[in-house]
Structures are given as C-alpha cells and as structure tokens.
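# Coordinate analysis (summary)
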Amino acid sequence: MKLPIPKRELKHAIWLMLLGAFIGWLLEYVLLGVLAGTLACLFIHLSQLKQLENWAEDTSKPVPDGMGTWAKAYSAIHHLYRNELRSKESLIGIIDRARSSVAALDEGIALINKDGNLEWWNPAAGKLLGLRARDMQQPLINIIRAPAFIRYFQHGPFNEGIKLPSHKHSGRHLQFEITLFGDNDKLMIVYDITRVHKLEQMRKDFVANVSHELRTPLTVLSGYLETFLAQADSLSPRMLKALQQMDGQTLRMKNLVNDLLLLSSLENEGLQVKLSPVDVPRLLQQVLHDAQILAEPKHQTINLNADENTHIMGMSSNLRSAFSNLVTNAIKYTPDGGKVDIFWGRNESGDITFSVTDSGIGIDATHIPRLTERFYRVDAGRSSATGGTGLGLAIVKHVLMQHSAHLTIESQPELGSTFSCHFPRSLITR
Ligand code: ADP
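Owing to the predicted nature of the structure, the values given are computational and were not obtained by experimental measurement.

## So, the sheet that holds strand E1 (residues 108-112)
Pairing is antiparallel in the open sheet, where 5 strands are placed in the order E2-E1-E5-E4-E3. The outermost strands of the open sheet, each flanked by one partner alone, are strand E2 (118-121) and strand E3 (162-165). Across the sheet, the mean angle from the axis of one strand to that of its neighbour is 25°, orientation sign disregarded. Sheet topology places E1 next to strand E5 (residues 185-192); 5 bridges connect them, and they run antiparallel. Directly across from Gly-108, in E5, lies its bridge partner Val-190.

Okay, here's the thing in structure tokens:
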C-alpha cells in the first residue's frame with residue numbers, strides 16, 4: 001500500500017518517538033518520552049517550514065539546507081522558480097527587442113482603440129503626425145481633420161491605403177494604411193511618400209501633357225479623314241479601305257487620349273473632391289439613353305431598375321463616367337441579342353449599390369483581380385476590336401475611391417458578369 005506521507009519522514013518520526021520512549025523508560029516516564037519525541041519531530045518540520053517561508057520572501061538568497069523530503073521540495077521549488085525567471089527574462093527581451101525595432105522604424109505606427117482614441121504610437125508616427133504626449137487618448141480625427149481621412153478612418157476600405165498631403169508639414173505627402181484587429185481596434189501605419197509622390201506627379205504631368213498635345217493633331221487628322229470619307233464614291237476600293245482603317249485607328253487614339261486625360265484629372269483631383277447631392281436615378285436615365293443607342297445595332301435588351309428615392313452625395317460627372325463605362329463594357333462584351341440589367345438602390349443588406357449584369361462572354365476568375373489595372377485586358381484583340389482602351393475599369397476604380405466606394409466583380413465564362421459598385425450609407429441624402 002502506498003502511504004500518503006513520505007516513508008523516510010515516517011521512519012524518522014518513529015525513530016524519534018522510540019528514542020523518546022527509550023529515554024523516558026530510563027527515567028521511568030515512557031509516555032512523556034514518546035511525547036517529547038513527537039514534539040521534537042514536529043519542531044524539526046516546523047523549523048523547515050519556517051525556513052521555506054523565509055526563503056519564499058526573498059528567493060535571491062541561497063536555497064536553504066533541507067532535510068530529507070524538505071531538501072527535495074526546496075530543490076523542486078528552486079528549479080520551478082529559475083525556469084519562470086528565465087522565461088520571464090526571455091519575454092522581457094523579446095518585448096524590448098520588438099519595442100526598439102518598432103522605435104527604429106521609419107514608418108509611423110499608431111494604435112487606436114475602438115472609440116477612435118489614440119492609445120500608443122512610435123517615435124516616427126509622433127514626428128510624421130506631430131503628436132505630443134497630451135494627444136494620448138484623444139480622438140485621432142481631431143488631430144488629422146482632412147475629410148478624406150475621416151471618411152477612410154470611419155468607413156475604409158481598409159484593404160487599401162489612402163494618400164494625403166501632410167497636415168503638419170507642407171509639401172510632404174503621407175500614406176495611411178489601417179488594419180482592424182481585436183475588438184474593432186485599429187493599427188495605423190503611416191509612410192512618408194513625398195519622394196514617390198513627386199515622381200508620380202512628374203509621370204502624371206507627362207502623361208497629361210502628351211495626351212493634351214496629341215489632341216490637336218488627332219482632331220486635324222480625323223477632320224480630314226471625315227472629309228475624304230464623305231466623298232467615298234470618288235475613291236478606289238483600296239483607298240476607301242485604307243481611309244476607313246485610318247479613321248478607325250484615329251478614333252481609337254482619340255478614345256485613348258480622352259481616357260488618359262480623364263484618368264489624370266481624376267488622379268489630380270485625388271480624394272480631396274467636394275461632393276454635392278446627385279440625383280442618380282436621373283443621371284442613369286441619361287446613361288440608359290446613350291446605352292440604348294449603342295445596343296440597338298446589337299439587338300440587345302437593356303433594363304433599368306432604379307430606386308427613385310435613393311440619392312447620394314457625389315461628383316456627378318465622374319459618377320456618370322464610371323456608370324457609363326460599366327454599361328458600355330456590358331454591351332461591348334455581350335453578344336448580339338443579349339441582355340443587360342442595370343440596378344440602382346439598396347441591396348438585400350441595405351447597402352447602396354449600382355450594378356450592371358450582362359449575359360455576355362464572362363471573365364475567367366484568374367483575370368478578375370487584375371481587371372482594374374491600367375491597360376489590363378483579358379483578350380487584347382477583342383478589346384481593341386470593340387474600341388476598348390483598357391482604361392475603363394481603372395477610371396471606375398478611381399471614381400469609386402473618391403466616393404469611399406468599392407467595386408466587386410462576379411463572373412462566369414460564357415454566362416455573363418455582374419459589376420457592382422458599393423457606396424457607404426453615409427453618402428445617402430435621401
Ligand atoms: P476596355 O476598354 O478594354 O474594355 P476596361 O478597363 O473597361 O478596358 O476593361 C478591362 C477588361 O475587362 C476588358 O478588356 C475586358 O476583357 C474585361 N471586361 C470588362 N467588362 C467586361 C464585361 N462586362 N464582360 C466581360 N469582360 C469584361
């Protein structure tokens with residue numbers, strides 16, 4: 001049978017009691033001797049317990065000398081304590097290293113709690129955003145007050161960053177990227193993108209200038225071509241074909257120049273645009289009218305289902321460009337006799353949506369993530385044959401960014417596609 005007490009201690013206790021009994025027998029007080037033996041045993045254990053208590057109060061002292069099982073207990077406790085100390089030290093080391101590496105970063109990092117108040121930031125964020133100790137626990141949107149930042153901070157989309165001029169240092173540009181974590185807390189990373197911004201600005205200016213300069217020669221070219229083609233009867237078939245091809249290519253270049261100019265003006269406007277109330281249902285009637293002219297030769301059916309009561313804050317001309325691009329694409333990439341459905345209003349979850357569904361050629365899933373890149377085409381041959389520039393969806397993406405909206409694309413090859421623009425509810429005017 002296994003005793004619940006250590007055998008060695010039991011043996012010692014019995015020996016002490018026997019020794020007490022023996023001395024007691026010699027002095028003719030056996031019971032007193034046994035009692036003295038038991039008390040001696042108790043005394044030894046209590047003194048060991050006291051030693052343990054003293055040592056526990058200050059574990060930096062050497063491990064006390066223990067007897068028997070007590071020695072084992074001291075050594076086990078000491079071992080546990082040393083292990084705990086080691087893992088504590090290594091954790092502190094990791095935290096220190098993480099802290100000093102975050103402090104050494106050129107990128108600013110800030111933590112914002114679920115109420116939108118600043119909780120912590122690294123020195124780079126302090127410099128880039130001009131934060132001071134008294135800003136701790138203050139709402140971030142009281143410090144960075146740019147409306148575009150406030151829109152991004154409150155509604156996202158957080159999978160993309162936002163670029164803005166610095167509110168603190170004029171001439172500098174910053175990029176903000178927010179990631180949600182925990183209980184709706186936010187981790188914000190701030191980059192100084194002044195150099196990249198300058199280079200980007202040079203590129204934009206170059207593209208805008210070249211496009212602008214190309215406009216006049218193209219107008220002259222297409223003017224002459226139109227005049228020649230008006231006299232088609234007097235032209236040889238070979239010449240007529242050549243002129244028609246030249247006319248087609250000139251039209252393509254004109255479209256390209258117009259799209260490039262629109263894109264660069266959208267880029268220059270950036271996110272700092274002034275939004276005003278837009279009667280979207282009325283705007284869509286105009287889009288529908290243009291679409292019907294395009295769709296007529298292809299015998300396509302176009303349906304518009306627009307909620308008359310949903311109006312939003314926006315940039316009317318840019319919204320029209322974006323919506324027209326999506327509807328024109330649906331017509332372009334849908335075979336003759338197909339169907340295009342345009343929807344404007346709230347979807348099942350109550351979000352404001354503009355969507356265009358077609359019964360067209362569809363898009364393979366591998367292409368979908370890249371469709372909004374400039375000049376990305378699924379089938380370059382088919383796109384240019386339909387007069388495409390490869391810039392339409394890039395324009396849509398820019399316009400949506402100005403409205404804190406985003407694009408989703410669902411498509412099945414041979415069955416058709418749905419392009420949907422999702423707008424934040426905060427833009428609703430009625
Ligand atoms: P493009 O001027 O070439 O149409 P976009 O940027 O508008 O350029 O579109 C990019 C590519 O996406 C197109 O070349 C086309 O391959 C594909 N695409 C766009 N809309 C549709 C659609 N409704 N159905 C099928 N493919 C589409």
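## Notes on the side chain of Ser-166
Of note, Ser-166 is situated in the loop between E3 and strand E4 (173-181). Among the polar contacts listed, one links the side chain of Ser-166 to the backbone nitrogen of Lys-168, at a separation of 3.0 Å. The contact partners of Ser-166, leaving out residues within four places of it in the chain, are Leu-128, Arg-172, His-173 and Leu-174.

## Concerning the nonpolar core
Within the largest apolar cluster, 47 residues are counted, with the highest numbers of intra-cluster contacts made by Leu-284, Phe-323, Trp-344, Phe-354 and Phe-423. Judged by nonpolar contacts, the second largest core, of 22 residues, contains Leu-118, Tyr-152, Ile-162 and Leu-164.

## Describing a positive patch on the surface
A surface patch of positive charge is lined by Lys-7, Arg-8, Lys-11 and Lys-72. Element by element, the count of residues in the positive patch is highest for helix H1 (residues 7-26), at 3 residues. Mapped onto the elements of the fold, Arg-8 is located in helix H1. Among the residues examined, Arg-8 registers a relative accessible area of 48% and is labelled partly exposed.

## Quick look at the pattern of salt bridges
What the rule picks out here adds up to 10 salt bridges. The residue Arg-374 makes a salt bridge to Glu-267 at a minimum N-O spacing of 2.2 Å. Pair noted here: Arg-374 is in the loop between strand E10 (352-358) and helix H10 (380-385) and Glu-267 is in helix H7 (residues 237-269), with a separation of 107 residues, a long-range link. Looking at Arg-374, the relative accessible area reads 32%, which means it is partly exposed. Between Arg-320 and Asp-290 there is a salt bridge; the shortest N-O distance is 2.8 Å. With Arg-320 in helix H9 (residues 316-332) and Asp-290 in helix H8 (residues 280-295), this pair connects stretches of sequence that are 30 residues apart. Overall, Arg-320 belongs to the partly exposed group, its relative accessible area being 28%.

## Re the domain arrangement of the protein
For the protein, the assigned domains are domain 1 (7-83), domain 2 (105-192), domain 3 (196-269) and domain 4 (276-427). For domain 3 and domain 4, the distance between their C-alpha centroids amounts to 24 Å. Taken together, the contact pairs 11 residues of domain 3 with 17 residues of domain 4. Interface of domain 3 and domain 4: buried area, both sides summed, is about 1,200 Å²; carbon and sulfur atoms make up 64% of it. It is Arg-252, Leu-263 and Leu-266 in domain 3 that bury the most area against domain 4; as a group they hold 44% of the surface buried on that side. Counting the contacts that link domain 3 with domain 4 gives 1 salt bridge. Scanning the region where domain 3 abuts domain 4 turns up 2 residue pairs in polar contact (both at pLDDT 80 or more). Residues of the side of domain 3 that touches domain 4, tallied by class, amount to 5 nonpolar, 1 polar and 5 charged.

Quick notes on the rules
Residues numbered from 1 in each chain as written. Predicted model: local features only at pLDDT ≥ 70, side-chain atom pairs only at ≥ 80, totals over all residues. Heavy atoms only, no water. Pairing = 2+ DSSP bridges. Helix = DSSP H or I, 4+ residues; strand = E, 2+ residues; numbered from the N terminus. Axes fitted to C-alpha atoms, helices over the stretch in contact; angles between N-to-C directions. Polar contact = N/O pair within 3.5 Å; in protein donor to acceptor, adjacent residues only side chain to side chain. Contact = heavy atoms within 4.5 Å. Core = buried A, V, L, I, M, F, W, Y, C linked by side-chain atoms within 4.5 Å. Buried < 20%, exposed > 50% of the residue type's maximum accessible area, 1.4 Å probe, protein only. Patch = residues over 30% accessible without salt bridge, like charges linked within 9 Å, V, L, I, M, F, W, Y side chains within 5 Å. Areas by Shrake-Rupley, 256 points an atom, 1.4 Å probe, with all protein chains shown as cover. Salt bridge = Lys/Arg side-chain N within 4 Å of Asp/Glu carboxyl O. Lys, Arg positive; Asp, Glu negative; His and termini not counted. Charge placed at Lys NZ, Arg CZ, Asp CG, Glu CD. Domains from an automatic or database assignment. Buried area = accessible area lost by both parts, 1.4 Å probe. Nonpolar A, V, L, I, M, F, W, Y, C, P; charged D, E, K, R; others polar.

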